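# An overview of the molecular structure
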Amino acid sequence: MYFASDNSGPVAQEVLDALAQANSGYAMGYGDDPLTAEVQARVRDVFEAPDAAVYLVATGTAANVLGLATVTQPWQTIFCTPVAHIHQDECNAPEFYTGGAKLTLVGDADRMTPETLQAAIEAEGTRGVHGPQRGCVSLTSVTECGTLYSLDELQALSAVANGYGLPVHLDGARFANALVALDCSPAEMTWRAGIDVLSFGGTKNGLMGAEAVVLFDPERAQEFEYRRKRGGHLFSKHRYLSAQMAAYLTDDLWLRLARQANERATQLTHGLRKRGVDFAFEPAANMVFAKLTRPTHKRLQDAGAIYHLWEGTQDGNDPDEFLTARLVCDWSLSEQDVTRFLSALKS
């Protein structure tokens, strides 16, 4: 009953098989190998973007910050929400890789609105040379609270950004989970919605460690290459990144794995609702934030459930206080694991 993180699950067997197959003989390094070229072409096909520049890195943070640095000047500010991964969980890497660009927090929720974004943009870039200039807008789907932007919301936010001449970045660490939940095409969720730069995640969805950065404007490609090398993220034995991504895209493995994770979260959500459990955020993909009392948490953990608290601590004397559990379903979580968790909840 492991709900701690979709970073913690195993690597899909198809990916391990692809790595073993790639581990034969010799191949040119630094991405100058046939498998990398094939993967780049396949990503372009998936996104219906024949001119896009596609690059692989090993971590989600690298994908986010190198992508952002490519479209952001050091004197600019990046607009994101207060719970964005680039703000809460990347140790100031965006500021480091951009050479000093700051982050401006938009609104007070996990998702920004056109109104809060416009207000934040209008509040910056007003002091001439003395203040930060307006820069990239960074969105996340699935958000850190497990919610999604609809296609209409993505388009509306991109329209606001574009109205000020600002590029839009999408943190897609859980891109596949969002795509399956929205039941749309990759193109609809990205460049057709106004996204300029995508972090296309794989590590949370069955890969060992591979993410793609997709630049829908190929004119930015050379700068990204320089920044990736200078930042220490150009893999020498690049074929091992490419092998993972090739397996990911073969026979829609990436969508099947995301669908499995989302289905387990749906099973979990329905079971919790039947037991009268409330949620801190409405579940939308593969993350569930359930409000449970301290004794309930203890009962679940004693039964073997592993997860993190989103807020609060187990220490405390009030048995009726509700603490929010962050329950993340990865592709490998079984239906039986969810059933066991729900059974422990009511025992």
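The coordinates are above.
Keep in mind that this is a model prediction, so the values were computed, not measured.

### Structural notes on the sheet that holds strand β4 (residues 133-140)
Across the sheet, which stays open at both edges, the seven strands sit in the order β1-β7-β6-β5-β4-β2-β3 with mixed pairing between neighbours. Strand pairing shows two members of the sheet lacking a second neighbour, β1 (53-57) and β3 (102-105), which therefore form its edges. Adjacent strand axes in the sheet meet at a mean angle of 25 degrees when their direction is disregarded. Pairing of strand β2 (residues 76-80) with β4, which is carried by three bridges, proceeds in the parallel orientation. Pairing of Q76 across the sheet is with Q133, part of β4. Each of β1, β2, β4, β5 (168-172), β6 (197-200) and β7 (211-215) touches helix α3 (residues 60-70); the most contacted strand, β7, lies at about 15 degrees to it. Helix-sheet contacts for helix α10 (residues 221-230) involve β1 and β7, and the interaxial angle to β1 is about 15 degrees.

### Description of the nonpolar core
In terms of nonpolar packing, the biggest core is built from 64 residues, with L117, L139, F175, F200, M245 and W254 touching the most fellow members. Filtering out sequence-adjacent residues up to four positions away, W254 remains in contact with V46, F175, A176, L179, P186, F200, N205, Y248 and L249. Ranked by size, the runner-up nonpolar core spans 23 residues in total, among them V57, C80, Y97 and L103.

### Details of the pairing of β6
On β6, burial covers both faces: V197 and S199 on one face and L198 and F200 on the other are all buried. With four bridges joining them, β5 and β6 adopt parallel strand pairing. In the sheet register, D171 faces β6, and the bridge partner there is S199. Looking at chain direction, β6 and β7 are connected through four bridges and run antiparallel. The residue bridging V197 from the neighbouring strand is L215, located in β7.

### Observations regarding the side chain of N64
You can see N64 is positioned in helix α3. Apart from residues no more than four positions distant in its own chain, N64 is found in contact with I86, E90, H169, D171 and S199.

### A look at helix α7 (residues 151-163)
The end-to-end C-alpha distance of α7, which contains 13 residues, comes to 18 Å, matching closely the 18 Å that a straight helix rising 1.5 Å per residue would cover. Those residues of α7 lying buried are L154, L157, S158, V160 and A161. Buried residues of α7 fall within an arc of 155 degrees about the axis and therefore sit on the same side. Seen from the open side of α7, the exposed residues pointing more than 90 degrees away from its buried face are D152 and G163. Looking at the buried residues of α7, the elements they touch are α6 (114-123), β4, β5 and α9 (186-189). One or two residues past the end of α7 sits G165, with phi positive at roughly 75 degrees.

So, how was this worked out
- Counting restarts for each chain, with residues numbered from 1 along the sequence as it is written.
- At least 70 in pLDDT is required for a residue's local features to be given in this predicted model, at least 80 for side-chain atom pairs to be given and counted, and no such filter applies to totals for whole chains, interfaces and linings, which use all residues.
- In computing side-chain properties, one takes all heavy atoms of the structure into account and sets aside hydrogens as well as water.
- The pairing criterion is simple: DSSP has to find at least two bridges between the two strands.
- Going along the chain from the N terminus, every DSSP run of H or I of four or more residues is numbered as a helix, and every run of E of two or more is numbered as a strand.
- The angle between two axes is taken between their N-to-C directions and runs from 0 to 180 degrees, where each axis is a line fitted to C-alpha atoms and a helix contributes only its stretch in contact.
- By definition, residues are in contact when any of their heavy atoms lie within 4.5 Å.
- Here, nonpolar core refers to any group of buried Ala, Val, Leu, Ile, Met, Phe, Trp, Tyr and Cys residues whose side-chain atoms link them within 4.5 Å.
- Each residue gets one of three labels from its accessible area relative to the maximum for its type: buried under 20%, exposed over 50%, partly exposed in between, using a 1.4 Å probe on protein chains only.
- By definition here, a helix of n residues has an expected span of 1.5 Å times n minus one.
- Regarding the arc, it is the one traced by the directions from the helix axis to the C-beta atoms.

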